Amino acid sequence: MEMETFPRPDLSGSIKSEFDTADFGDERPVVRLQKIGSALGNAPAASIPNACEDWAATKGTYRFCDNENVDPKQILSAHGQAHCSRLRGADELLLVSDTTHLTFPSHPSKEGLGDVGTDEMDLEGAKVHTTIGVLPSTGWMTGILDQQVLLEDREKGEIHDPNGRGEPTYLESEREKWVRGDKRACGRLPEEVRPIFVHDRGADAFPVYRKIKSDLGDAGFVIRANQNRCIRTSPRQEAHLFDWSRELSERGQTAIHVQQGGDRESREAVLSVKSGTCELLPPKNDPNHETPVEVNVVRVDEIGREEDPIRWVLITTEPVGELKEVLAVIDYYRSRWTIEDWHKALKTGCKIEDRQLETWERMEVLLAICSTVAWKVLQLRELARGDRQASPERFLTEAEKAVLEQKYPELKGQGGKAHAISVAKVGGYLDRSSDPPPGWQTLWKGLKKVRTWAEGYKLHAESYG
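As a starting point, this report considers the structure included with it. Since this is a predicted model, take the numbers as computed values, not measurements.

Some points on the overall build of the protein
So, point 1. Helix and strand content of the protein: 13 helices and 14 strands.
So, point 2. Its C-alpha radius of gyration of 24 Å places the protein within 12% of the 23 Å reference for a compact globule of 465 residues.
So, point 3. Expressed along its principal axes, the backbone C-alpha trace of the protein runs to roughly 85 × 55 × 45 Å.
So, point 4. Within the protein, buried positions represent 53% of all 465 residues.
So, point 5. A fraction of 64% describes how many contacts in the protein between residues 6 or more apart in sequence connect residues 24 or more apart.
So, point 6. A total accessible area of about 22300 Å² is found for the protein, and carbon and sulfur atoms account for 44% of it.
So, point 7. Charge separation in the protein, taken as the distance between the mean sites of 63 positive and 77 negative side-chain charges, equals 3 Å.

Quick look at the structure:
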């Protein structure tokens, strides 16, 4: 039996199609990119030699990352074009941005890194600020719209984006990444899709609010406040945001599931929600902004919890006159958890910080590929939460489906969701009625075991077939 009969699966479809429109001035690097994407998409956590499976493919991958004609911006641009094709029929898209730090303590010889640690912890690496698309109706991550690599030199007081193979772009401050990313991501959407930017407290800056409202058409935003800034309320009374929002009348209550993370245990949180409208006053020390910005505000306070309760003040363009509108704004902000999961997929699922490439120029090429692969890995989780009728062949080979159905005979004839849940059970998911849907890490662990079983099935067939 030929090995090609049982290829490892590309999660939820072929990753090769994500790179179809890449333009390096030569077709050969595009073909190599598709092969690398398939290899890493099939074995995201594997080293490059193990994922490529032979020396020729491994050597081709290293040459690709070192090719001066290969620009990581082109790799993400090709994925972006495929991303746009998935937005047909959508009228709104949440554009969620966040920054993660990549550190490389085990590779002291890596060149071209910046400062990412603190004064007490001198670490080298890169800050990666990414904007992803999330459908508000389903919570599904649709793809990557923008990615900025930020390298900081604290001694010189400089921060810059190496900008792929182009000239580096120096930023006045790290805060500039928000406006820069919003503009670029907005320009990569189909005209009929309205963007709603979702940012955490790092984006709480008056220029961000002003730029989105003045420069990005009908774009909206939901941004968590970090400052008890000066505001003006009706009738033209000045106040401070946190103090004023605390005194608003309660609109109602709601409950949300809080995911486990860091030292935080998962829990069901009961929230009191309030809303109002005010004007954000420009900073007195900023001569570039003189006109207030009118916004809506949603205040969220967790009820009955004394230790580290949820307390959000959300600044938004979206309507908040009715309780269902307020709850929609809260759901938009909660979509931030998707990008946190994507960061985990990039670091843990794709092992980006363990990659053995000596220069950041090469690493940035691999980062663009792994960023797309991490989106594919995260989609496996969505299959376990989504359409029951999705085909199991969307993420399982014939051999994997066969061994899974041998372990769980009741799966025969069922759809992709049931198969994905069974994959999660192999990875340790208990599937009790009270359990939340499985996470991507549990699913990935199960899928790796199923792959091992399928490989044994293949070897047995080759030996006795």
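That was the structure; now back to the text.
Observations regarding the packing of helix α9 (residues 336-349) against helix α10 (residues 360-383)
So, point 1. Two elements in contact, α9 and α10, have axes separated by 8 Å at closest approach and are oriented at 115°. Between α9 and α10 lies a crossing whose hand is right-handed. Contacts between α9 and α10 pair T338, D341, W342, A345 and L346 from the former with L367, C370, S371, A374, W375, V377, L378 and R381 from the latter.
So, point 2. Residue composition of the contact of α9 with α10, by class: nine nonpolar, two polar and two charged.

Thoughts on unusual backbone geometry
So, point 1. Of note, the phi angle at E53 is positive, near 75°, even though the residue is not glycine.
So, point 2. With respect to the helices and strands, the residue E53 is situated in the loop between α2 (48-52) and α3 (55-66).
So, point 3. In the Ramachandran plot, D431 falls in the positive-phi region, its phi being about 60° despite a non-glycine side chain.
So, point 4. Overall, D431 belongs to the partly exposed group, its relative accessible area being 37%.

Looking at the environment of V300
So, point 1. Within the fold, V300 resides in strand β13 (residues 293-302).
So, point 2. A C-alpha to C-alpha distance of 13 Å links V300 and T316, two positions 16 residues apart in sequence.
So, point 3. Each residue touching V300, except ones within four places of it in the same chain, is listed here: L271, S272, V273, I310, R311, W312 and I330.

Basis of the calculations
Residues numbered from 1 in each chain as written. Predicted model: local features only at pLDDT ≥ 70, side-chain atom pairs only at ≥ 80, totals over all residues. Heavy atoms only, no water. Helix = DSSP H or I, 4+ residues; strand = E, 2+ residues; numbered from the N terminus. Rg over C-alpha atoms; globule rule 2.2 N^0.38 Å. Buried < 20%, exposed > 50% of the residue type's maximum accessible area, 1.4 Å probe, protein only. Contact = heavy atoms within 4.5 Å. Areas by Shrake-Rupley, 256 points an atom, 1.4 Å probe, with all protein chains shown as cover. Lys, Arg positive; Asp, Glu negative; His and termini not counted. Charge placed at Lys NZ, Arg CZ, Asp CG, Glu CD. Axes fitted to C-alpha atoms, helices over the stretch in contact; angles between N-to-C directions. Left-handed = near helix turned anticlockwise from the far one by under 90°. Nonpolar A, V, L, I, M, F, W, Y, C, P; charged D, E, K, R; others polar.

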